[in-house]
Amino acid sequence: GFKSSPYNSVKMALVVEEIVKGDRHETRVSPLDGAELNPFQWKIVRLNLPGMKTYDPRSSWVCKMRDDGRPACDLFTFVDDERVVGPTEELTWQAGHVLAARQSYVGVSDAARKVREASQTAGAWAGAVVHIHSEHGVCVLTSEEKWTKLKDIIQKWLTRLNEGNTLLSHKELMSDRGFLVYVTRNYPAMIPYLKGFHLT
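So, here is what we can say about the structure in this document.

Scoring rules and cut-offs
- The residue count restarts for each chain, going from 1 along the sequence in the order it is written.
- Local features in this predicted model are restricted to residues whose pLDDT is 70 or higher, and side-chain atom pairs enter the listing and the counts only when it is 80 or higher, whereas totals over whole chains, interfaces and linings include all residues.
- With hydrogens and water stripped out, all remaining heavy atoms of the structure feed into the side-chain values.
- Helix and strand labels come from DSSP, where a helix needs a run of H or I of at least four residues and a strand needs a run of E of at least two; each type is numbered from the N terminus.
- Only C-alpha atoms enter the radius of gyration, while the globule expectation follows 2.2 Å times N to the 0.38, with N the number of residues.
- Between buried and exposed lies partly exposed: a residue is buried under 20% and exposed over 50% of the maximum accessible area for its type, with that area taken using a 1.4 Å probe on protein chains only.
- In this description, accessible areas are obtained by the Shrake-Rupley approach with a 1.4 Å probe, and a residue is regarded as covered only by the protein chains that are shown.
- When charges are counted, Lys and Arg are positive and Asp and Glu negative, with His and the chain ends excluded.
- Think of each charge as sitting on NZ of Lys, CZ of Arg, CG of Asp or CD of Glu.
- Within 6.5 Å between ring centres, the rings of Phe, Tyr and Trp (the latter by its six-membered ring) count as paired, and their orientation is classed by plane angle as stacked under 30 degrees, edge-to-face over 60, tilted in between.
- Charge-over-ring placement is defined geometrically: NZ (Lys) or CZ (Arg) within 6 Å of the ring centre, and within 35 degrees of the ring normal.
- The patches described consist of residues with a relative accessible area above 30% and no salt bridge, like charges being joined within 9 Å and nonpolar side chains (Val, Leu, Ile, Met, Phe, Trp, Tyr) within 5 Å.
- We define a salt bridge as a side-chain nitrogen of Lys or Arg found within 4 Å of a carboxyl oxygen belonging to Asp or Glu.
- A pair of strands is considered paired only if DSSP assigns at least 2 bridges between the two.
- Within this scheme a cavity is a closed region of a 1 Å grid, computed over the protein atoms alone, that accommodates a 1.4 Å probe without allowing it to escape, whereas a pocket is open but has protein on both sides within 12 Å along at least five of seven lines; lining residues each have an atom within 4 Å of a point.
- Grid points are joined across faces, edges and corners, and a volume is the space filled by probe spheres set on the points.
- The nonpolar class holds Ala, Val, Leu, Ile, Met, Phe, Trp, Tyr, Cys and Pro. Asp, Glu, Lys and Arg form the charged class, and all remaining residues, Gly among them, are polar.

**A few points about the overall build of the chain**
When you go through the chain residue by residue, the secondary structure sums to 5 helices and 6 strands. Since a compact globule built from 200 residues should have a radius of gyration of about 16 Å, the 21 Å found for the chain marks it as more spread out than a globular shape. The principal-axis extent of the C-alpha atoms belonging to the chain is close to 75 × 50 × 30 Å. Counting across all 200 residues of the chain, residues that qualify as buried make up 25%. Accessible area of the chain: about 14,400 Å², with a carbon and sulfur share of 59%. Between the mean site of the 26 positive side-chain charges and the mean site of the 24 negative ones, the chain shows a separation of 7 Å.

**Let's talk about the packing of aromatic side chains**
Throughout the structure, instances matching the rule amount to 2 aromatic pairs. Aromatic side chains W147 and Y187 sit 5.4 Å apart centroid to centroid with 55° between the ring planes, which places their arrangement in the tilted category. One end of the pair, W147, is in helix α3 (residues 144-162); the other, Y187, is in the loop between α4 (170-184) and α5 (195-198), with 40 residues separating them in the sequence. The class for W147 is partly exposed, based on a relative accessible area of 29%. Summarising the aromatic geometry, the rings of F179 and Y182 are spaced 6.3 Å apart at their centres and angled 45° between planes, so their arrangement reads as tilted. Pair noted here: F179 and Y182 are both in helix α4, with a separation of 3 residues, about one helical turn. For F179, a relative accessible area of 13% gives the class buried. Seen from the ring of W42, R24 lies directly overhead, with NZ or CZ sitting 4.0 Å from the centre. Lying over the aromatic face of W157, R160 brings its terminal NZ or CZ to 4.8 Å of the ring centre.

**A look at a negative patch on the surface**
A surface patch of negative charge is lined by D33, E89, E90 and E117. Mapping E90 onto the fold places it in helix α2 (residues 89-105). The class for E90 is partly exposed, based on a relative accessible area of 46%.

**Quick look at the pairing of strand β2 (residues 62-65)**
The alternating pattern of β2 places C63 and M65 on a buried face, while none of V62 and K64, on the opposite face, is buried. Where strand β1 (residues 44-47) and β2 come together, 4 bridges link them in antiparallel fashion. What sits directly across from L47, in β2, is V62.

**Regarding the pairing of strand β5 (residues 129-133)**
As paired elements, β5 and strand β6 (residues 137-141) share 5 bridges and run antiparallel to each other. Pairing of H133 across the sheet is with G137, part of β6. The turn joining β5 and β6, which pair antiparallel and follow one another in sequence, is formed by 3 residues.

**Side note on the layout of surface pockets**
When its volume is computed, the second largest pocket comes out at roughly 280 Å³. Taken together, 15 residues form the lining of the second largest pocket, with I154, W157, L180, Y193 and F197 sitting closest to its centre. Mapped onto the lining of the second largest pocket, the elements with two or more residues apiece are α3, α4 and α5. At 5 residues, α3 tops the list of elements feeding residues into the lining of the second largest pocket. A class-by-class count of the residues in the lining of the second largest pocket yields 12 nonpolar, 3 polar and no charged.

**Concerning the pattern of salt bridges**
Charged atoms that come close allow side chains of opposite charge to pair. For the structure on display, the rule yields 11 salt bridges. Note that D176 and K156 form a salt bridge whose closest N and O atoms lie 2.7 Å from each other. You can see D176 sitting in helix α4 and its partner K156 sitting in helix α3, a full 20 residues away along the chain. Overall, the relative accessible area of 25% leaves K156 in the partly exposed class. Overlapping salt bridges bring together E17, K21, K64 and D74 as one network.

Take a look at the structure:
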């Protein structure tokens, strides 16, 4: 029937995201304060794929670009938490303001106490710590405590298997598998190594 479901929740969250981002071709500025009416504007999509002659490993593979040649502001969501990114501190602030105003307009509450200032070292979010280096580009890591927990989990199961234990706790395997999946989102190259856990 019409009961709540994850499908309906995700669908409406994506509708709200489209409302927040607005018309990507809107390039006008406000006559009152000079702020862009839509800081999420973009003109083209730049591809930087491995194998291309112009490939640069320091840049993202896919990037929306503004008319002025800078990367566009964008919005990233993890469950019910959003982060706004942008090419400058001012544009990122404007995009955050538009996000809060348009969400409020459609009835989605904004927790102003959680707002952070724009920063290139914003700290951990959704299990990832992002570092921006001028020589290396953008690096995505996990926190030291999560990395240590990951190593401890792997060592625990290796020790049990090397000791000849064949009766393993399914509940514990599933719990550890969930954590491994969570951490490997930051390290896609590790995903194939989870096959043994997935087969439990």
